[in-house]
Amino acid sequence: MPQNVESWYLLVALALALLPVRAETQSGPSAPAVGVVRVERQQITETDEFIGRIQAVNRVVLVARVTGFLEQRLFAEGAEVKKDDLLYQIEKPPFQAAVDAAQATVEQMEAQHRNAQLTLQRQQTLLSGPAGQQSNVDAALASERALAAQIAGAQAQLETAQINLGYAEIRAPIDGKISSTSVTEGNVVSPTSGILATIVSQDPMYVLFSISLRAGLDLRARYAAKGGYSAVVIKLRLPDGRIYREEGKLNYASPTVAENTDTIVARGVIPNPVFPGMTAEQPGSRELVDGEFVTVLLEGVQPVTVLAIPRAAVLSDQQGDYVYVVDAHNKAEVRRIQQGQSTPTVAVITSGLKEGELVISEGVQRVRPGKAVSAGPATPPPSISRAAQGNASGASPPNGATKSVPEAGAKQ
């Protein structure tokens, strides 16, 4: 009897040891937990990025148009000046003397012309009597006409002298900011002295940027039916990363393509007002500076509706991009997709997915095709950044332009 009891205990212990193995074998490994998101339509603003340069709308170089001593400089270097402000004063006495001499010559010619007119009248009167001769009339007429021509020449010389007198004052032809002077008081200036100073206009400003021909055709196809230039808003990202507070508009595209870069030049105009609380005369009173490098953001005026998912859900292999979709049986299914304007955080889907499908965005490394998963809501994705960069074609354009998708709007 004791021997049978010992055998019975041995059998029970063996059964208890094998029970977990059998249970695990029957149920199989547990399904991996994953986070899923639903494919939904979102309103986004399409944005294309390019490297641009700020350029003044008007630029004027100041040069001397007459020769003389520079008496005064009447502006502060680097300040803003108004149109017709007096900037340089060249000594006037020599030019005033030339005007006075030319005026005297005109008056002398006018006096001689008056006498010639009287002589002509007398000869014409005598011609009706026996003492008159036609030859005398002709000579008097020729003298009167010659003096009239001399008066015209003297008046032209007087006008030239007056113009040169006006050139002794160098005034601002436009509103804008003036550079430092290259010639100081006391020096002789002349038309060959070169540039005295430069004035560049301040408000508004141009922004010029190059677009690859391929990108230009894409922009034209995208916005032609929506109003062309008027359907695009220009925003600027400044060198320190800030978005410029003003918006601009496209107003020009070059009619030719650069052969060496296969690009066209586009131009926008954008306001450059004075900072609140500052005056135009203060240094640094405006944000944009002529020649400054900026990032140009071309944004569509009207948002578009697209299918979008988190970028983390997209995987890639030799065949292209794909995602894992959870089917009706809670199994992972491989789905090939095509992306539109995607960013590091958001993928815009042009084909391969339908609205309402569940896409695995978290735990994709634990997923196997055709295997069951334990799906739950994924962590809410961050808002779509306006500064994110991407490329609709997957390759950078020749000119370094990038594309981005700005902040998503309300879902439809």
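Just above sits the structure.
Basis of the calculations
Residues numbered from 1 in each chain as written. Predicted model: local features only at pLDDT ≥ 70, side-chain atom pairs only at ≥ 80, totals over all residues. Heavy atoms only, no water. Helix = DSSP H or I, 4+ residues; strand = E, 2+ residues; numbered from the N terminus. Buried < 20%, exposed > 50% of the residue type's maximum accessible area, 1.4 Å probe, protein only. Contact = heavy atoms within 4.5 Å. Areas by Shrake-Rupley, 256 points an atom, 1.4 Å probe, with all protein chains shown as cover. Patch = residues over 30% accessible without salt bridge, like charges linked within 9 Å, V, L, I, M, F, W, Y side chains within 5 Å. Salt bridge = Lys/Arg side-chain N within 4 Å of Asp/Glu carboxyl O. Polar contact = N/O pair within 3.5 Å; in protein donor to acceptor, adjacent residues only side chain to side chain. 1 Å grid on protein atoms, 1.4 Å probe; cavity = no way out; pocket = protein on both sides within 12 Å on 5 of 7 lines; lining within 4 Å. Points joined across faces, edges and corners; volume = space filled by probe spheres on them. Nonpolar A, V, L, I, M, F, W, Y, C, P; charged D, E, K, R; others polar. Pairing = 2+ DSSP bridges.

### Thoughts on the overall build of the protein
Here comes step 1: Secondary structure summary: the protein contains four helices and 25 strands in total.
Here comes step 2: Every one of the 412 residues in the protein was classed for burial, and the buried ones make up 37%.
Here comes step 3: Put simply, of all contacts in the protein between residues at least 6 apart along the chain, 74% involve residues at least 24 apart.
Here comes step 4: Counting every atom, the protein has about 23100 Å² of accessible surface; 54% of that belongs to carbon and sulfur.

### Side note on a nonpolar patch on the surface
Here comes step 1: Where nonpolar side chains cluster on the molecular surface, the patch consists of V61, V63 and I195 and spans about 230 Å² of accessible area.
Here comes step 2: Mapped onto the elements, V61 comes out in strand β4 (residues 59-62).

### Some words on the side chain of E80
Here comes step 1: In this structure, E80 sits in strand β6 (residues 80-81).
Here comes step 2: For E80, a relative accessible area of 15% corresponds to the buried category.
Here comes step 3: Within the structure, E80 has its side chain in polar contact with the side chain of R286 (distance 2.7 Å).
Here comes step 4: Once residues lying within four places of it in the same chain are set aside, the contact partners of E80 are G176, K177, Q202, A280, S285 and R286.

### Quick notes on the pattern of salt bridges
Here comes step 1: The full count for this structure, using the stated rule, is 13 salt bridges.
Here comes step 2: The partner of E247 in a salt bridge is K235, with the nearest N and O atoms 3.4 Å apart. Note that E247 is positioned in the loop between β13 (232-237) and β14 (249-253) and K235 in strand β13, a separation of twelve residues in sequence.
Here comes step 3: Here E247 falls in the partly exposed class, since its relative accessible area comes to 43%.

### A short note on the layout of surface pockets
Here comes step 1: Counted as a void, the largest pocket has a volume near 390 Å³.
Here comes step 2: In terms of lining, the largest pocket is formed by 18 residues, of which the most central are G216, L219, R220, Y229 and A253.
Here comes step 3: Elements with a contribution of two residues or more to the lining of the largest pocket: α4 (213-223), β14 and β15 (263-270).
Here comes step 4: Looking at the lining of the largest pocket, the element that brings in the most residues is α4, giving six residues.
Here comes step 5: Partitioned by chemical class, the residues of the lining of the largest pocket number 14 nonpolar, three polar and one charged.

### A look at the sheet that holds strand β8 (residues 169-171)
Strands pair in a sheet through their backbones, by hydrogen bonds, and they do so in one of two ways: parallel or antiparallel.
Here comes step 1: Taking strand neighbours across the sheet as the criterion, the four strands line up as β8-β7-β5-β10 in an open arrangement whose pairing is antiparallel. With partners counted over all chains shown, the strands left at the sheet margins are β8 and β10 (188-189), one partner each.
Here comes step 2: Bridge count for strand β5 (residues 68-73) against strand β7 (residues 86-90) is three bridges, and the pairing is antiparallel. Residue pairing for β7: L70 is matched across the bridge by I90.

### A word on unusual backbone geometry
Note on backbone geometry: most residues besides glycine have negative phi, and most peptide bonds are trans.
Here comes step 1: A cis amide bond links D203 with the next residue in sequence, P204, at an omega value of 0 degrees.
Here comes step 2: Among the structural elements, P204 can be located in the loop between β11 (197-200) and β12 (205-212).
Here comes step 3: For D262, which is not a glycine, the phi torsion comes out positive at approximately 55 degrees.
Here comes step 4: With respect to the secondary-structure elements, D262 resides in the loop between β14 and β15.

### Here's the deal with the environment of T47
Here comes step 1: Examined against the element boundaries, T47 turns out to sit in strand β3 (residues 47-56).
Here comes step 2: Sequence spacing of T47 and V233 is 186 residues, and the spatial spacing of their C-alpha atoms is 9.5 Å.

### Points about the pairing of β5
Here comes step 1: Bridge count between β5 and β10: two bridges; the pairing is antiparallel. When the bridges of β10 are listed, G68 appears paired with V189.

### A word on the sheet that holds β6
Here comes step 1: An order of β4-β11-β9-β6 is seen for the four strands of this open sheet, with the pairing classed as antiparallel. Two strands in the sheet have a free side with no partner beyond their single neighbour: β4 and β6.
Here comes step 2: Bridge analysis of β6 against strand β9 (residues 176-178) gives two bridges, and the strand direction is antiparallel. Within β9, the position partnered with V81 by the bridge is G176.

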